[in-house]
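# Results of the structural survey
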Amino acid sequence: MSEHKSRRFFILTASIGTGHSQAARAIAEALKDEHPEDSVRVLDFVSRDALSVDQIIKKTYLQLIKILPEIYDILYNNSQNSSFGKTSQTLLSLSFRRRMKRLIQVLKPDALIFTHPFPAGAADLLKKRRDISTPLLGVVTDFDIHQLWIDRHLDGYCVATPELVNSLAGYGISPDIIHATGIPVRKSFYTENIAKTSVEKGTVLIMGGGLGLGRIIDDIKILDQVEEISKFIVVTGQNIRLYEEVAALADQLTHPVELHSYTNKVATLMGRSELLVTKPGALTCTEAMLMKLPMVLVNTLPGQERANAAYLMGLGCADEAKPEELAEKVKFILHDKSKREAMKDACRLVSPYSAKAVVKVLYDMVKTGDQ
């Protein structure tokens, strides 16, 4: 009997927001657990070169959503319109195509998994031209389908909800290759020891995503007036300036502040908190749902975040607040136990085993390709 040949998998992400990278790590963790005989690595497809097209796109994107969010909203909605979206997608794919081809030639992967549409589009273009035959799996990490994800030559897709299977199929992708796995989350968010962490009454966790975007300073000042809050836990992500601003503000506040920069202890922090105030990044919100942590969504960016907020509010596990409503909404949720319990109950609709489901889709896809 011949010995099983070890497979090599690579998960390609892009460091534009940290949700894509966290989902990639969750898939890698599940793959190592389920198939320790095979190897997996997570690679950031965004070039570190400051003058590269990806760094220019990243900086433009971050500036646009910060300074002119309504313009970004128009661009996002126009990119959903096929002609504008197709042009943007083709230009991006062409600019990344060479790097993708070189990467495949050097790494010789048994399959590639994508948690960001940029590398997926480049690989799709290579497959369309028959330059590669590598199995390709796209993992969409939002509660919405963006035009940039419409790749005709991917071998499989994993999406967050059954509704998104229909949305993606509506673009002409075969429903046979679309799987509603949920958004992959690391197991630290659903293991026994974290679930048993005792909640600290009145503790509010404030997050702005891994890039520390949003108006966190203003939100803290507003929430400092709410008597029902006993303490803030603030996570500023990779935003060093924001960390320093919160540290300077802490001495002027009525409530104590526990401050963290980029941390891998988010599950523990969520377990200790009674309420999460955050931007509606799909990955952070999925993590919170697994921890049965009610959410108040703030500083919603146009585009995917707007769609994420609508989905989470529809489930009932989150409420959205404009700056002028924030104090009142947080006060109400902390004061009303039945409201909190209803929000926690709505969180049960998320599956903890999404990363394992993605790994199963991957192995079924590779097996089919072997036959």
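Here, every reference points to the structure presented above.
Structure report, in brief. Since this is a predicted model, take the numbers as computed values, not measurements. (Residues numbered from 1 in each chain as written. Predicted model: local features only at pLDDT ≥ 70, side-chain atom pairs only at ≥ 80, totals over all residues. Heavy atoms only, no water.)

## Quick look at the pairing of strand β3 (residues 111-114)
Of the two faces of β3, the one holding Ala111 and Ile113 and the one holding Leu112 and Phe114 are both buried throughout. Relative to β3, strand β1 (residues 8-13) is paired through four bridges, and the arrangement is parallel. Bridge pairing links leucine 12 to phenylalanine 114 in β3. Both β3 and strand β4 (residues 136-139) contribute to a ladder of three bridges, which runs parallel. (Buried < 20%, exposed > 50% of the residue type's maximum accessible area, 1.4 Å probe, protein only. Helix = DSSP H or I, 4+ residues; strand = E, 2+ residues; numbered from the N terminus. Pairing = 2+ DSSP bridges.)

## What about the pattern of salt bridges?
If you walk through the whole model with that rule in mind, you get 19 salt bridges. Residue lysine 187 pairs with aspartate 33 through a salt bridge whose shortest N-O separation is 2.7 Å. With lysine 187 in the loop between β6 (178-180) and α7 (192-195) and aspartate 33 in helix α1 (residues 19-34), this pair connects stretches of sequence that are 154 residues apart. The exposure class assigned to lysine 187 is partly exposed, which follows from its relative accessible area of 32%. Relative accessible area serves as the criterion here: at 41%, aspartate 33 is assigned to the partly exposed category. The partner of glutamate 200 in a salt bridge is arginine 272, and the shortest N-O contact between them spans 2.7 Å. Of this pair, glutamate 200 sits in the loop between α7 and β7 (203-207) while arginine 272 sits in helix α10 (residues 266-272); the two residues are 72 residues apart in sequence, bridging distant segments of the chain. Members of the salt-bridge network, linked through shared partners, are Glu200, Lys231, Glu258 and Arg272. (Salt bridge = Lys/Arg side-chain N within 4 Å of Asp/Glu carboxyl O.)

## Remarks on the packing of helix α13 (residues 323-335) against helix α14 (residues 337-346)
Two elements in contact, α13 and α14, have axes whose closest approach is 5 Å; the angle formed by their N-to-C orientations is 90°. Taken together, the axis directions place α13 and α14 in an arrangement best described as roughly perpendicular. Seen from α13, the contacting residues are Phe332, Ile333, Leu334 and His335; seen from α14, they are Lys337, Lys339, Arg340 and Met343. Of the residues that constitute the contact of α13 with α14, the class distribution is four nonpolar, one polar and three charged. (Axes fitted to C-alpha atoms, helices over the stretch in contact; angles between N-to-C directions. Parallel < 35°, antiparallel > 145°, perpendicular 65-115°, else oblique. Contact = heavy atoms within 4.5 Å. Nonpolar A, V, L, I, M, F, W, Y, C, P; charged D, E, K, R; others polar.)

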